[in-house]
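These are the residues of each chain, in order.
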Amino acid sequence: MVAQVRHVFRVLKRGVLFLCVALGCRSSSSTSQHESAPAASAPAKLRTLAAPPGESALTLVQREAARERAEGRTLLIYVGATWCEPCQRFHAAAASGQLDVQFPKLSLLEFDRDRDEARLAEAGCLSQFIPLFAVPDASGHCSARQVQGSIKGDGAVAEITPRLRQLLE
């Protein structure tokens, strides 16, 4: 009897695998960030988009801002660095979903201050302090509407959050 049950489960497992392949099922890790809209029942959440290297920051910001706007989202330019403690803490909070409720329709186009210095200069996004959160203008440049810097330590995210909310108003 046990052998028959195992056989049935093996057959069912193969059938499900076959259907998945035949219907073009994909794991969520194989879809791009903009391939499909989130399911209607899935809550909106903060989205971070890593700026791919090489492309002009202006072109990239214009394209991503238009794409996010079409989805009813707001795009901000985010400049951080791997060595920046407030950046690390903010990034960890965003990645873990801690900011999803506060910023459900916010998308951050993320640049690295060290790696992307030339592109950031071209877009007028070099700032005295990081992290930098900036509203892009229509040409893709960082506008004067921005938030720079934060405190170190456990309070960094709590210090950034209200300033970011005010920037979005």
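Refer to the preceding data block for the structure.
Rules and cut-offs
Along each chain, residue indices are assigned from 1 in the same order as the chain's sequence is written. Local features in this predicted model are restricted to residues of pLDDT 70 or higher, and side-chain atom pairs are both shown and tallied only at a pLDDT of 80 or more, whereas totals for entire chains, interfaces and linings draw on every residue. The basis for every side-chain value is the complete set of non-hydrogen atoms in the structure, without hydrogens or water. A pair of cysteine sulfur atoms is labelled a disulfide when the two atoms are within 2.5 Å. Throughout, exposure labels follow a simple rule: accessible area from a 1.4 Å probe, protein chains only, divided by the maximum for the residue type, with under 20% read as buried, over 50% as exposed, and the rest as partly exposed. Nonpolar core, defined: a set of buried Ala, Val, Leu, Ile, Met, Phe, Trp, Tyr and Cys residues in which side-chain atoms within 4.5 Å join the residues together. Here a strand is any run of E in DSSP of at least two residues, a helix any run of H or I of at least four, and the numbering for each starts at the N terminus. For this analysis, residues touch if any pair of their heavy atoms sits within 4.5 Å. Side-chain rings of Phe, Tyr and Trp (the six-membered ring for Trp) are treated as a pair once their centres are within 6.5 Å; stacked means planes under 30 degrees apart, edge-to-face means over 60, and tilted covers the remaining angles. Under this definition, polar contacts are N or O atom pairs within 3.5 Å; protein pairs additionally need one hydrogen-donor-capable and one acceptor-capable atom, and for neighbouring residues in sequence, both atoms have to be side-chain atoms. Note on pairing: DSSP must find at least two bridges between two strands before they are called paired. When the strands point away from the viewer and the connection leading from the first strand across the helix to the second strand turns clockwise, the crossover is called right-handed.

Participant: Give a detailed account of the state of the cysteines, specifying residues and quantitative values.
Facilitator: The final tally for this structure, using the stated rule, is 2 disulfides. One disulfide in the model links Cys84 with Cys87; its S-S distance is 2.4 Å. Disulfide Cys84-Cys87: torsion about the S-S bond near 75°, hence right-handed. Its relative accessible area of 3% is what places Cys87 among the buried residues. Sulfur-sulfur distance for the disulfide between Cys125 and Cys142 comes to 2.0 Å. What sets the handedness of the Cys125 and Cys142 disulfide is the S-S torsion sign, and at about 105° it is right-handed.

Participant: Describe the nonpolar core, with residues and values.
Facilitator: Phe111 and Phe133 are the most contacted members of the largest nonpolar core, which has 39 residues in total. If you list the elements that add at least two residues to this core, you get helix 2 (57–70), strand 2 (74–80), helix 3 (85–95), strand 3 (106–112), strand 4 (132–136), strand 5 (142–148) and helix 5 (156–168). Those residues within four positions of Phe133 in sequence are excluded, and the remaining contacts are Leu76, Ile77, Tyr78, Phe90, Leu108, Arg145, Gln146, Val147, Ile160, Leu164 and Leu167.

Participant: I'd like a description of the packing of aromatic side chains, backed by residues and values.
Facilitator: Within this structure, the stated rule accounts for 3 aromatic pairs. Here the aromatic rings of Tyr78 and Phe133 are separated by 4.9 Å at their centres, their planes lie at 25°, and the arrangement is stacked. Here Tyr78, found in strand 2, pairs with Phe133, found in strand 4; they are 55 residues apart in sequence, far enough to count as distant. Residue Tyr78 is classed as buried on the basis of its relative accessible area, which comes to 2%. On the basis of relative accessibility, which here comes to 1%, the residue Phe133 falls in the buried class.

Participant: Break down the side chain of Arg119 for me, with residues and values.
Facilitator: Assignment of secondary structure puts Arg119 in helix 4 (residues 117–122). Reaching out from Arg119, the side chain makes a polar contact with the side chain of Asp116 at a distance of 2.8 Å. When sequence neighbours within four positions are dropped, the list of residues in contact with Arg119 reads Ala51, Pro52, Pro53, Gly54, Glu55, Ala57, Leu60 and Phe111.

Participant: Break down the pairing of strand 2 for me, with residues and values.
Facilitator: Among the 7 residues in strand 2, 6 count as buried, and that is most of the element. Two elements, strand 2 and strand 3, share 7 bridges in a ladder whose sense is parallel. Along strand 3, the bridge assignment pairs Thr74 with Leu106. Traced from strand 2 through helix 3 to strand 3, the parallel crossover comes out right-handed. Strand direction decides the pairing type here: strand 2 and strand 4, joined by 3 bridges, are antiparallel. What sits directly across from Ile77, in strand 4, is Ala134.

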